[in-house]
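# Examination of the molecular architecture
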Amino acid sequence: GDSVTQMEGPVTLSEEAFLTINCTYTATGYPSLFWYVQYPGEGLQLLLKATKADDKGSNKGFEATYRKETTSFHLEKGSVQVSDSAVYFCALKNGGFKTIFGAGTRLFVKA
Amino acid sequence: EAGVAQSPRYKIIEKRQSVAFWCNPISGHATLYWYQQILGQGPKLLIQFQNNGVVDDSQLPKDRFSAERLKGVDSTLKIQPAKLEDSAVYLCASSSQRPSQGQMNTEAFFGQGTRLTVV
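Residues numbered from 1 in each chain as written. Chains lettered and ligands numbered in written order. Predicted model: local features only at pLDDT ≥ 70, side-chain atom pairs only at ≥ 80, totals over all residues. Heavy atoms only, no water.

## Considering the pattern of salt bridges
Residue and element names in this part refer to chain A. Under the criterion given, the structure shown has 6 salt bridges over all chains. Here Glu63 makes a salt bridge to Lys56, at a shortest N to O gap of 3.6 Å. According to the relative accessible area criterion, Glu63 is partly exposed, its value standing at 33%. With its nearest N and O atoms 2.8 Å apart, the salt bridge here joins Lys77 to Asp84. In this pair, the class of Lys77 matches that of Asp84, namely buried. (Salt bridge = Lys/Arg side-chain N within 4 Å of Asp/Glu carboxyl O. Buried < 20%, exposed > 50% of the residue type's maximum accessible area, 1.4 Å probe, protein only.)

## Let's talk about the packing of aromatic side chains
Residues and elements named next belong to chain A. All chains considered together, the criterion is met by 12 aromatic pairs over all chains. Between Phe34 and Tyr36 the ring centres are 6.1 Å apart and the planes differ by 45 degrees, which places this aromatic pair in the tilted class. Using a relative accessible area of 1% as the deciding quantity, one classes Phe34 as buried. A residue is classified by how much of its surface remains accessible, and Tyr36, at 0% relative accessible area, is buried. (Phe/Tyr/Trp six-rings, centres within 6.5 Å; stacked < 30°, edge-to-face > 60°.)

## Describing the interface of chain B and chain A
Facing the 23 residues of chain B at the interface are 23 residues of chain A. One can count 1 salt bridge joining chain B with chain A. The partner of Glu107 of chain B in a salt bridge is Lys49 of chain A, and the shortest N-O contact between them spans 2.7 Å. For the pair chain B and chain A, the number of links is 9 residue pairs in polar contact (both at pLDDT 80 or more). For the side of chain B that touches chain A, the elements supplying multiple residues, two or more each, are strand E4 (31-37), strand E5 (44-50), strand E6 (53-56) and strand E9 (88-95) of chain B. The leading source of residues in the side of chain B that touches chain A is E4 of chain B, at 3 residues. (Contact = heavy atoms within 4.5 Å. Polar contact = N/O pair within 3.5 Å; in protein donor to acceptor, adjacent residues only side chain to side chain. Helix = DSSP H or I, 4+ residues; strand = E, 2+ residues; numbered from the N terminus.)

## Remarks on the sheet that holds strand E8 (residues 75-79) of chain B
The strands making up a sheet associate through hydrogen bonds between their backbones, and the pairing can be parallel or antiparallel. Residue and element names in this part refer to chain B. Ordered in space as E1-E3-E8-E7, the 4 strands form an open sheet in which the pairing is antiparallel. On the outer flanks of this sheet lie strand E1 (5-7) and strand E7 (65-68), each paired with one strand and no other. Neighbouring strand axes in the sheet, compared pairwise and without regard to direction, differ in orientation by 15 degrees on average. (Pairing = 2+ DSSP bridges. Axes fitted to C-alpha atoms, helices over the stretch in contact; angles between N-to-C directions.)

## A closer look at the state of the cysteines
All names here are of chain A. One pass over the full model with this rule turns up 2 disulfides over all chains. Residue Cys23 pairs covalently with Cys90 via a disulfide, S to S 1.9 Å. Handedness here is read from the sign of the S-S torsion; for Cys23 and Cys90, about -70 degrees, the answer is left-handed. Of this pair, Cys23 sits in strand E4 (residues 23-26) while Cys90 sits in strand E10 (residues 86-93), and the two are 67 residues apart along the sequence. You'll find Cys23 and Cys90 in the same group, each marked buried. (Disulfide = S-S within 2.5 Å.)

## Comments concerning the nonpolar core
One finds Leu19, Trp35, Leu47, Leu48, Phe73, Leu75 and Tyr88 of chain A to be the most contacted residues of the largest nonpolar core, which totals 26 residues. Going through the elements one at a time, strand E2 (11-14), strand E3 (19-21), E4, strand E5 (32-38), strand E6 (44-50), strand E8 (62-65), E10 and strand E12 (105-110) of chain A are the ones with two or more residues in this core. Sorting elements by how many residues they give to this core places E10 of chain A first, with 4 residues. With sequence-adjacent residues up to four places away left out, Phe73 of chain A is seen in contact with Cys23, Leu33, Phe34, Trp35, Leu48, Lys49, Ala50, Ala64, Thr65, Tyr66 and Cys90 of chain A. Residues Cys23, Leu46, Ile79 and Tyr90 of chain B belong to the second largest nonpolar core, which totals 21 residues. (Core = buried A, V, L, I, M, F, W, Y, C linked by side-chain atoms within 4.5 Å.)

## Let's talk about the pairing of strand E3 (residues 19-24) of chain B
Residues and elements named next belong to chain B. The alternating pattern of E3 places Val19, Phe21 and Cys23 on a buried face and Ala20, Trp22 and Asn24 on a face that is not buried. Both E1 and E3 contribute to a ladder of 3 bridges, which runs antiparallel. When the sheet's bridge partners are listed, Gln6 is paired in E3 with Cys23. The sheet contact formed by E3 and E8 spans 5 bridges and is antiparallel.

## Overview of the layout of surface pockets
Of the pockets and cavities examined, the largest pocket occupies roughly 580 Å³. Surrounding the largest pocket, 30 residues form its lining, Gln38 and Arg106 of chain A together with Gln37, Leu39 and Gly40 of chain B being those nearest its centre. Mapped onto the lining of the largest pocket, the elements with two or more residues apiece are E10 and E12 of chain A together with E9 and strand E11 (114-118) of chain B. Sort the elements by how many residues they give to the lining of the largest pocket and E11 of chain B lands first, with 4 residues. Partitioning the lining of the largest pocket into residue classes produces 12 nonpolar, 13 polar and 5 charged. (1 Å grid on protein atoms, 1.4 Å probe; cavity = no way out; pocket = protein on both sides within 12 Å on 5 of 7 lines; lining within 4 Å. Points joined across faces, edges and corners; volume = space filled by probe spheres on them. Nonpolar A, V, L, I, M, F, W, Y, C, P; charged D, E, K, R; others polar.)

Structure representation (structure tokens):
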């Protein structure tokens, strides 16, 4: 079945460092791909999405490109802030069914 | 636009007791989901409704969990009797997808969740 694998955390960075969180997926057909963010005590918020190969999703300085050839959707940000500390989930949705999530990657950003 | 509303935010019960969670999705969203998120893990789907019909309940422990979506709007999720391993955050989400209109993989919008602790 469909699945999502993302790098284990926690990831600890200093403010203004470059961030990459790796995500790969397994799916038949043409899923949509998402990154969700979960701040402490909050529900999941959609951060960005891409619906077809080579699409780039972007929001709040974060970017991810849908790479069908490598089945990847890595999350990047050029300069992280303390306020970016959260748990990040890579996810896919295929054929109108459930959203399938990775295990999440916790990010800590130090001032 | 109002988001997905859930209540209560927190609940502590003893094992073998029953508990119910309520969800009001975003207005007009035909698809509603209940997810269980155990600490340190990604959310896992329990049940998916399309309007008031069940699309997927394959991961719902039906001996103790039940869910309904009367009139295709609000939904309740019930656990009876609760076990210690049911301690988790229960997330409700909704999306506007309408497969009959070719709208398939629209994103899901999540509520803040209900944190359940079973002691």
